[in-house]
Structures are given as C-alpha cells and as structure tokens.
Amino acid sequence: MSLGNRTAWTTGRAMLMGGVSAAAMLLGGAAVAQDASADPQASSEDTIVVTGSRIRRTNATTAIPTQIFTTDDIDESGTVDVGEILVDIPGVDSSLSPESTDLSIQNSGLSTINLRGLGSERTLVLIDGRRAVSNSGNGERVSLQTIPAGFVDSIEVTTGGASAIYGSDAIAGVANIILERNMEGVEVDARYGWADASGERETTLELTMGRNFDNDRGNIMVALSYDHETAVYADETRPDSLRTDDWSGNGEYNDYSLTSYLPGGRFESDDAWNVDGVWYNDKSLAPNDGRDPAIGFETELDGWNYRPGRTLSPEVTAYTAAARGRYELTPRIEVFADLLWSRVDSLYEGSYESAIYSTDIGPIGNTFDIGQIASDHPFIPAAVEETRSGSVSWYRRFVEVGQETRDNERETMRFATGLTGELGETWQWNAFATYGRFEQNQIQGNNLNYLNIHYALDVESDGAGGYQCADAGARADGCIPLNIFGEGSITPEMADYIRIDGHVQQIREQTVIGGSMNGELFEAPAGAVSAAFGVEWREETQDTNVDAIILEETTSLSVIPEIEASFDVVEAFAEVEIPVLENVTAQLAARVADYSTIGTISSYNVGGYWEPTDTLRFRTQYSRSQRAPTITEFYSAPRQDADDLRDPCDGLRPDGSGVTAPPGTGFDPAVIAANCLSNPGIQAFFADPNNAGQPFEFDGSVNAPNAGNNTLTEETADTFTIGAVWAPSFAEDLVLIVDYYNIKVEDAIGSVSTQTTVDLCYGSPNFPNNRFCDVVTRDTSNGRVIEVINREENLNELLSEGIDVSVLWDFEVQSVPGEFGLDLRYSRSLADEYEFIGEAGTPVREDSNGSMYDPTHEARARLSWSRGDFYASYTLKYESGGIDDLDVDPSDPYYFEADDRFVSNIYARYRFGDDYRTTVYAGINNLFDDYGTFLPSNFNSGSTSNLKGPQNDPIGRQFYVGLRSRF
C-alpha cells in the first residue's frame, strides 16, 4: 500500500473508531473529514482546500502538519468550548480562558489558544478559511466560545508560519473551524456535566436543521444552541482554594497570606482593630495570646482571609445561532451566505474592595487622599479612642459594599457571502465579502467611590440630635454619614452612597472583500503544476467607550482609555505547487500587503516533500512570516493593569545594608542600595518616626498599565520545519511522525515585564538616567512603587524551538474481540526565549522554557477499544513539572519545582438505530481529582486563588452524559 493510500485508509479508520482523529496529524496534513459511513479507501483521490494552502490537492501532500478534530472528538472532550478542546493537544496552550481572565476588563471570559507558546496574537483563527472579527478590545483574538460547537464539522490546526497564505497573525499557525455544509434532517444534542466538588454544573442543548431543495441544487441549514455553566467558588470542597499559606522555602509554608485590611477596620496604624466583631488594641484590649501589648496588630495573627467566595470559574451563559445556505445558480456557479451570531454572558465575583486614609491608588497610578477621621467624629468607639492622639488614621475592607464583580455581555455577529465557480476542467474561483461586529458591555460592580467616602467621613451635627455630612454640596447629592468602625457598621444606605459601578463598551468591526482562483497551470513531466492566486482588502475598526467617572482619580474602578481607531490593508498572494520528480514536490507561496499603519510588507513560504519509498515521506518548509501591530498595540494610551513586584529595594536599611540582588541578575547589591537611598520617597519612609528601626519593605501588587506605541514596525518570523512520516510495512496501520520546528521572531512586538523593568532600573550604574527608570514611579511619601508602564516596543527576538512526535496505530489483539486504537502525541520544548536591549545597549535574554508556564515535556496518550456499536477510550495527559522562578538557583531555599502532572480521562459511547442515528455517551475528566500544584500568591506563577496557575485545574473531577439523535 502506498503512503498516500495508507494515509487515507488510516484516517478513515480513525474516524470510524471515533478517537481524536487517530491519524489526524496525517502524513502531510491534508485530510478529508469523512462521514463515519464512508469508505475510507475512497478518499485517497479526494481533493479539498486544506488549511495551510489554497491549492486543491490530495491527502497527505502538504509540507505542514495538520491535526483534525471531528464532532466525535467534541463529544469525547466533555465540553462545547472549542478552545478547551484544542488545548488537549501537546503544543497547543490556552492563552485566555474563563478561569484565567478573572477581573480583566478587555478579555474577561474569553477562550483563546496559542500555538508554540507564542501567544494568541500570533495564532490566526479562521472560520471556513476566512478571517473572523476579534472578540477582544486589546488584541486580535477570536474567542472560540463564540462558535456553535453543534455547527462544527471539523477543526483543523496547522502549525508553522502561514502568513504567506493567510496574512498577518499566522506566525505560529492557524486554527480553521470548518462548519457543516450540507446537512439534511434534524439533529438534537443534549448534554449535562457536573463537578465532583461544588459548582460547575453545565447544561447544553443544541438543535441543528438542514434541508436540500430544488432537486438538491440548494441547501439551507439553521442551528441553535444554549449552554450554561454555573460558577465555581473558593470553598471547603476545594480546601487548597482557602489556604492562607505562603511558600517560605525549603519545602515549608507559613500561614502569612492574609490581608491587613479587615472588614472591621484597623485604626491608628497597628494600635486598634476589630476582628469578628470583637475590639482589640495595644492598651487595655490586647489579645490574650501572650504577645507584647505594644506590638499591636500583626497580620499573620489578626489578618483576614479574603479567599472564600471568590470565583475560581465564572458563571457563563452562551446563546448561539447560525444559518447558512448555498444554491447552484448554474452547474458551474454557486452562491452562498452564512450568518453566525452569539451572545456570551459571564459573571465574576472577586474579593471585597478596600481603602486607606492616605494615598489610595487610583487609576493609572494616580493617588487620592481620602483623609483621616476627625478627632471629634461621633462614631469613634472607646477601643479606638483609647489609642488616639489626634485625628484617626484607618484601613478598612468594605465587605458591606459587596464583592467586586465583572458582569460581561459579549455579542458577536459574522456574515459572509460570495460566489464560487469553475473555469474549464481544472480551475475554480471564488469571490466573497465578510462583515463581523463584536460588542462587549461590561459592568464593573461594587467598586468604591473614594470621593464619596471622603465626604461621608466628614460629619457634623444636624442640629436635631443626629448627624449629617459637613459638605453642603455632598448632602445635596445624597451624602450619608459613614461609620466604618467595626464589622457590619456600614448600613445598606451608607453602602449605596459609597458604592460605584462603571460601564465599559467595546466595539470591533471587520470588513473583508476578496477573491481567488486555483487550478492547474500546465502539465510537467512529473505531473501537473498547480497554482492559486488572489487579492483581499480588509478594514479593522475599534471604538472603546467608558463612563466619564472611570477616567477620574476618585474611584477604585479599573480604567482603560477611550479609543477610536482603524486601519486597512490591501493584499495580493500567490501559490504554486511543482512536481519536480515523481516522488518530489515543491510548494511555494508569497504575499505582499500594504498597511495604512506600517506600509508594505511581504511574506513567503518555500517547502515540499520527498517520498523515497511507499512507506516513508520527508517534508520540510521554510517561511518568512510577518505580523503587523494591532490597533491597541499601535494606538492605545496607557490602560490599567496590575502586576506583582518584588522590589529590589526590599530589605534596605538607612546605612545601605539589607539589599540582595534580584535572582539571576548578577547586579551589585551596593549599587542597588545607593540607587534606592537616592529616592526621596524611600528617604521619607526612613524619616517617618513610625518606621524607626524598620527596613524598607515592599512586595506586592503595583499598577502596571500597558501602553501602545505608534512607532512600532512589523515583526518578522523565520520558521523552519522538517519532519518524517513512516508507515512501516511490517506493522499494518501504524504511522510514526516526527517534526522539528524552529520559529525565530525578529522585532517581536511586546513589552519588558514589570519585574525586569524595575530590576534593570535600580541595578544600573546609570540610575536614574536610563530608559527603564523613565517608566517607574514611586510614592514620594513612603517610597512604594506606584506604577510601572509596560509600553509596547519592538524587542530583539522571540525564539520557539521544539520537536513533536506522534504514534498512530489501529490494531487487533489475538483472542480479544474488537479493535484497538493508539494515539500518542508528545511535544518537547527545546527553547522558549525572548531578547531585548538592556542598559547601555547590552542584550538581555529571558528564557521561560521549563517554567510552569512553559513545560519542557507535554504528552497525551489515548487507548481506545471498539466493538460493533460500542466505543470506549482512556486518555492519559502528562505535563512535566515546571520551575516557579528560573532565576533562582536550585541550591537556594526558595527554589521550587512542581511535580510532574498526570491527568486521566475516560469516555464511552454507544450508537444504535438505522445508520447510527442515535448516540448516547458519557465520560469522566480528571478521573483522580487532581487540582494540580498548590501555587500561593508569593510564587511567580501563583495567584491569590491558589488553584489558578498554569498547571492547575480548579474544577477537579467532572462527569458528563449526553444524547445525540438525528431524524
């Protein structure tokens, strides 16, 4: 059997078996998504337009590997989120997910993927080979949750540079969502899933209808779906989600991860505080725990656990509708029209907002002094009065206002129409137009109005035995005197006055008009020379609007700038496939694009394959791909974000001692100390009598706004892949695939991390006269870092390098009935680095390979068994344990490496009825209830939620059952 025929045969068997398309990587990448009843052998000569090319060609004859997922794979995944399905592949990672986006403004609730660890902005998502409008207000990101899974026929994932074929954003590869085209009948799918622990109850209903008409010249299809997932909260059913431990090194944890902002308030610094309704102070009400009364409040003893009740996974409700039709105007010309609509609502609940009397951080690093409480304030209790020497300083968490929320409503509409036709015997043409519109409306709920708190704490007698706000204008606006002393002291009316909600609206629009032709140019000695060429015009617009109050300095609302911007691009492309010899084929492609923002750029691909024997094929490709900056990268003013920071000045004492160099930097601690001591804010800290004898300390969250840059140029990627496909003759239905890839991105668009920026600023002998210090701002009163601006720039280089291995085998075991299938996929990351120009023009290289975000090894093995109408599978997923901080030496007590992680899934289905029209299925994901490594907030890759790091599954064990029936 020749390799091409073996490919088609294996593909057909894989789909009959129902695994994750056991030969879906396919010996060259082009595959026909066959119906389960089709003759697998018959597809060997089928031709389709495959992802990675616009030339129609036979199976397994492209230089780029492609993986295919079918409706069976969606069933087996236990989810209808296409993004969750695709991250099952080693080498495909989740870029954004509903679990990871938390309280994000512009990406909250999105589900996106990235290939080769290069980010979602370098992974192009297509629908039926055409671009789709972005679902993000700060990037080119298609949320896969907006695509109705019940309308999906298959999904093709192609890895490797493809900008010459599809244009910008295809540096790492392409995910092409292929929709049903010619269904006839009615199909109903119902699915229910639930987690073993609390929350995560998912209900899915899908209805798809299709009908041919006019003697099968036309077809019309309609699909509707509803999916609802309940929220998952941090609670006792997931004990690690509530833990207050912080990593203290040498395998130990300390119970220190509490907050000093209490629901009952803390007053006069550490002198008086209220816990669970009980007052304590450093005078007559000292805690009865043996401490020195003069010590007063201690966070690790008296602090508050802010984790219970926070969202680990949001409540999500998705509605989708789709309609598509086609009609043969003549035997050689067909018209088509597609309409996709979705609305995805998500709700996150975070912690409770807190505030401080002085220099509370406002938007984009601004500060607002709410003010101390006057000494004659009528609500001061005796426990605080005993410690007061004047006006009262305070810190408080405003639980009565409610948990901070992000309530998102995202609506997406995509419309496409066009004509396809044939010219002569071998040429096809198409002309199309698409329009997409995305609108997100977000309510930032239960935030604090600092100005109203200021007014409400300034109280005077109302002359009638009561009290009123002293400011007449505030009274006219409904000001209510505020009592912040003790838990539950804030009444609903008080809470209403100091609470503020903010509205953000983001609109993205995309228009594309294009056309192309493909066919055979002429017959060469080794075969027909094929070609494709075409042109496209595309316009992208963005309009971001926010409430005016959000742009002010007096609330805790997260801020993004308003933006109204657009760009357009005209592109021309061409491909050619040349049979050089009977068993050698060359494939070439080129594209030229003219952007209104950056001018003209060009991309190209050079590749091919060689089949020295019927059972062995070698393939390779070199590509030059380019990505233009997005609207946000090019135009955006600073938009609010927050990052954790370990201040290089941490531990500093007035004599310059106590400072250590940041791990892995090699900086001189004496230089860092001198730079830190020269800062007026740090000197003000040491001058404060309350800090006498204490070192300067700051490790925490800082404002780290992201900012665009209209001097950006395109980034350019050189991608080299080489691979081999072997179908040995001694083992029927066995396919072995090995691919090596090397992707190097020059002038990569990105920003230097907050931590690295501050380290380079204070580690430099040229302090403060270097570009890193230019974006770092410290508070002049206490020295703490207020803001670090992360401005987009063209960094030197990104590098992603690795090896993929697949073993695909359908086999039988003697004396055991039925058929077995093995699908083993392994990805080995060799490099994941970026480089930028540091101080004095010295290149700085950061390597994340082997970290928790970039594991060195990933694998997935699926063993399936089928007999007659029954099919079952067991899947084992493996991910190597990552290092938390690659800059920390293994001998350092704070070095931490997570254990390797193994996750097991099981699945079974049974088909019955005429033509298998009814299927029942069930499965268990994360069979052994593995939540992953406990990652507290003082880990680089940890979080305050403990179970939401890169190697975590906050849901745990999940069950699902489903029924699909076609009439």
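Definitions and cut-offs
- Residues numbered from 1 in each chain as written.
- Predicted model: local features only at pLDDT ≥ 70, side-chain atom pairs only at ≥ 80, totals over all residues.
- Heavy atoms only, no water.
- Disulfide = S-S within 2.5 Å.
- Helix = DSSP H or I, 4+ residues; strand = E, 2+ residues; numbered from the N terminus.
- Buried < 20%, exposed > 50% of the residue type's maximum accessible area, 1.4 Å probe, protein only.
- Pairing = 2+ DSSP bridges.
- Salt bridge = Lys/Arg side-chain N within 4 Å of Asp/Glu carboxyl O.
- Phe/Tyr/Trp six-rings, centres within 6.5 Å; stacked < 30°, edge-to-face > 60°.
- Lys NZ or Arg CZ within 6 Å of the ring centre and 35° of its normal.
- Patch = residues over 30% accessible without salt bridge, like charges linked within 9 Å, V, L, I, M, F, W, Y side chains within 5 Å.
- Areas by Shrake-Rupley, 256 points an atom, 1.4 Å probe, with all protein chains shown as cover.

Caption draft 1: Broad picture of the state of the cysteines. Under the defined criterion, the tally for this structure stands at 3 disulfides. A sulfur-sulfur distance of 2.0 Å marks the disulfide that ties cysteine 469 to cysteine 479. Taking the sign of the S-S torsion, -75° for the link of cysteine 469 and cysteine 479, the bridge is left-handed. Of the two residues, cysteine 469 is situated in strand E29 (residues 467-469) and cysteine 479 in the loop between helix H8 (472-476) and helix H9 (492-498); the sequence distance between them amounts to 10 residues. A residue is classified by how much of its surface remains accessible, and cysteine 479, at 10% relative accessible area, is buried. A disulfide bridge connects cysteine 649 with cysteine 676, and the sulfur atoms are separated by 1.9 Å. Between cysteine 649 and cysteine 676, the S-S torsion sits near -85°, and that sign places the bridge as left-handed.

Caption draft 2: A look at the sheet that holds strand E25 (residues 394-397). In space, the 5 strands of this open sheet follow the order E18-E17-E16-E25-E22, with antiparallel pairing throughout. The open sheet is flanked by strand E18 (278-281) and strand E22 (354-356), the only strands paired with a single partner.

Caption draft 3: Broad picture of the pattern of salt bridges. The final tally for this structure, using the stated rule, is 47 salt bridges. The salt bridge involving aspartate 214 is made with arginine 217; its shortest N-O contact spans 3.8 Å. Of the residues examined, aspartate 214 reaches a relative accessible area of 35% and is grouped as partly exposed. Residues glutamate 833 and arginine 845 are paired through a salt bridge, measuring 2.4 Å at the closest nitrogen-oxygen approach. Of the two residues, glutamate 833 sits in strand E47 (residues 819-837) while arginine 845 sits in strand E48 (residues 843-847), which places them 12 residues apart along the sequence. Here glutamate 833 falls in the buried class, since its relative accessible area comes to 16%. Several salt bridges share partner residues, and in doing so they unite Glu121, Arg122, Arg627, Glu633 and Glu715 into one network.

Caption draft 4: Up close: the packing of aromatic side chains. Going through the model one piece at a time under the given rule, you end up with 37 aromatic pairs. Arranged with centres 5.4 Å apart and planes meeting at 20°, the rings of tryptophan 194 and phenylalanine 959 form a pair that is stacked. Linking tryptophan 194 in strand E10 (residues 185-195) with phenylalanine 959 in strand E53 (residues 958-966), this pair joins segments that are 765 residues apart in sequence. For tryptophan 194, a relative accessible area of 29% corresponds to the partly exposed category. For phenylalanine 959, a relative accessible area of 21% translates into the label partly exposed. Three or more aromatic residues joined by ring pairs make a cluster, and in this case those are Trp247, Tyr253, Phe896, Phe934 and Phe939. A cation over an aromatic ring shows up here: arginine 396 above the ring of phenylalanine 398, its NZ or CZ 5.5 Å from the ring centre. Against the face of tyrosine 871 rests arginine 909, its NZ or CZ located 4.6 Å from the ring centre.

Caption draft 5: Representation of a nonpolar patch on the surface within the structure. On the surface, a nonpolar cluster with roughly 460 Å² of combined accessible area is contributed by Ile578, Val580, Leu581, Leu588, Tyr604 and Val606. Listed by contribution, the elements that provide at least two residues to the nonpolar patch are strand E32 (563-581) and strand E34 (599-613). Take the nonpolar patch: its biggest share by element is 3 residues, from E32. Position of tyrosine 604 relative to the elements: it lies in strand E34. On the basis of relative accessibility, which here comes to 32%, the residue tyrosine 604 falls in the partly exposed class.

Treat this as a map of the structure, not an account of what it does.
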